[in-house]
Amino acid sequence: VTATPTSLPANGTAQATLRIALLDAFDNPVGAGFTPYADTSLGTITGTGATDAQGEIVRTLTAPTQAGTAVITVRYLGVPLEMANNQIPIVVGSLAKVTLTPAGPLTVPAGQPMMLSAQGYDADNAPIPSGLNFSWRIQSDPTTGASLNPFFNQTTTFVGTKIGTGIQIIGEAEQDGNIVSKL
């Protein structure tokens with residue numbers, strides 16, 4: 001298996017082109033017309049068609065949203081084929097951005113709680129599943145009486161106690177000293 005690129009970000013949309021060469025018992029290309037079935041342990045494989053004159057098929061691997069190793073398997077007539085270079089790393093990079101849900105600007109009736117959550121992503125838009133420290137803060141006129149509880153969690157509850165405008169809620173994520181904020 002030859003993958004281009006050789007690894008994928010765990011963002012649910014990144015794709016690698018897989019060139020899979022089928023060889024006979026003497027390591028010679030099988031030639032045209034064979035239709036093997038390709039599968040993966042992580043992500044999804046798409047594409048159909050028979051081998052070309054060089055005994056190759058081309059399939060597309062789409063990354064999942066979780067990190068790990070996609071192990072490619074190929075079967076012909078239900079028989080698993082011996083594979084080489086069949087592991088494709090699915091990776092999550094360092095913290096690059098934070099999204100808040102629900103996205104603002106928001107209207108919150110005084111006295112009504114609103115649940116907020118934050119999610120960190122890498123530069124390839126892959127969600128970072130763990131290892132982030134989250135915090136929340138309010139940037140507003142101190143007379144608004146707004147509160148957040150808890151301050152250090154991936155989710156928080158916001159309650160506005162007075163009618164007014166101009167409250168900004170800032171969610172932050174930290175990873176290895178790198179802090180990324182989102183209003």
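In case you missed it, the structure is sitting above this.
Q: Could you clarify how one ought to interpret the overall build of the protein in this entry?
A: Along the protein, the regular secondary structure elements total 0 helices and 16 strands. Over its C-alpha atoms the protein spans a radius of gyration of 24 Å, topping by over 25% the 16 Å that the globule rule assigns to 183 residues. Taking the principal axes of its C-alpha atoms as reference, the protein extends roughly 80 × 30 × 20 Å. Sorting the 183 residues of the protein into buried and exposed places 32% on the buried side. Summarising the internal contacts of the protein: among those between residues at least 6 apart in sequence, 55% fall at separations of at least 24. As presented, the protein carries roughly 10500 Å² of accessible surface, and 53% of it is formed by carbon and sulfur atoms. Of the charged side chains in the protein, 7 are positive and 12 negative, and the gap between their average positions amounts to 13 Å.

Q: Teacher, can you tell me more about the sheet that holds strand E15 (residues 168-175) here?
A: Pairing between the strands of a sheet is mediated by backbone hydrogen bonds and can be parallel or antiparallel. Ordered in space as E12-E15-E16, the 3 strands form an open sheet in which the pairing is antiparallel. For this open sheet the edge positions go to strand E12 (133-139) and strand E16 (178-182), each flanked by a neighbour on one side alone. The mean inter-strand angle of the sheet, taken between neighbouring strand axes irrespective of direction, is 25 degrees. Two elements, E12 and E15, share 7 bridges in a ladder whose sense is antiparallel. Its bridge partner lying in E15, Arg137 is registered against Ile170.

Q: Even after reading the chapter, I still don't get the side chain of Ser135, so can you show me in this structure?
A: Locating Ser135 in the fold gives a position in strand E12. Beyond its immediate sequence surroundings of up to four residues, Ser135 is in contact with Phe151, Phe152, Ile170, Gly171 and Glu172.

Q: I'm lost on the side chain of Asn86 in this one. Help?
A: Mapping Asn86 onto the fold places it in the loop between strand E8 (79-80) and strand E9 (87-91). Taking the relative accessible area as the measure of exposure, Asn86 reaches 15% and is therefore buried. Setting aside residues no more than four positions away along its own chain, Asn86 makes contact with Val1, Ala70, Val71 and Ile72.

Q: In this structure, what is going on with the sheet that holds strand E5 (residues 44-46)? I would like to understand it.
A: The sheet built from 4 strands is open, its strands ordered E1-E3-E6-E5 with antiparallel pairing. For this open sheet the edge positions go to strand E1 (2-4) and E5, each flanked by a neighbour on one side alone. Going across the sheet, the axis of each strand differs from the next one's by a mean of 30 degrees, ignoring polarity.

Q: Got a minute to help me understand the pattern of salt bridges in this structure?
A: Once their charged atoms are close, side chains differing in charge can pair, the charge on each being opposite to the other. Per the stated rule, a full pass over the model turns up 2 salt bridges. For Glu56, the salt bridge goes to Arg19, with nearest N and O atoms at 2.7 Å. With a gap of 37 residues between them, Glu56 in strand E6 (residues 56-62) and Arg19 in strand E3 (residues 15-21) connect regions that are remote in the sequence. Residue Glu56 is classed as partly exposed on the basis of its relative accessible area, which comes to 23%. Since its relative accessible area comes to 37%, Arg19 is described here as partly exposed. Residue Glu172 is joined to Arg137 by a salt bridge in which the shortest nitrogen-to-oxygen separation is 3.1 Å. Here Glu172 is found in strand E15, whereas its partner Arg137 is found in strand E12, with 35 residues between them in sequence.

Conventions we followed
- Residues numbered from 1 in each chain as written.
- Predicted model: local features only at pLDDT ≥ 70, side-chain atom pairs only at ≥ 80, totals over all residues.
- Heavy atoms only, no water.
- Helix = DSSP H or I, 4+ residues; strand = E, 2+ residues; numbered from the N terminus.
- Rg over C-alpha atoms; globule rule 2.2 N^0.38 Å.
- Buried < 20%, exposed > 50% of the residue type's maximum accessible area, 1.4 Å probe, protein only.
- Contact = heavy atoms within 4.5 Å.
- Areas by Shrake-Rupley, 256 points an atom, 1.4 Å probe, with all protein chains shown as cover.
- Lys, Arg positive; Asp, Glu negative; His and termini not counted.
- Charge placed at Lys NZ, Arg CZ, Asp CG, Glu CD.
- Pairing = 2+ DSSP bridges.
- Axes fitted to C-alpha atoms, helices over the stretch in contact; angles between N-to-C directions.
- Salt bridge = Lys/Arg side-chain N within 4 Å of Asp/Glu carboxyl O.

Function-wise, these values are silent; they only describe arrangement.
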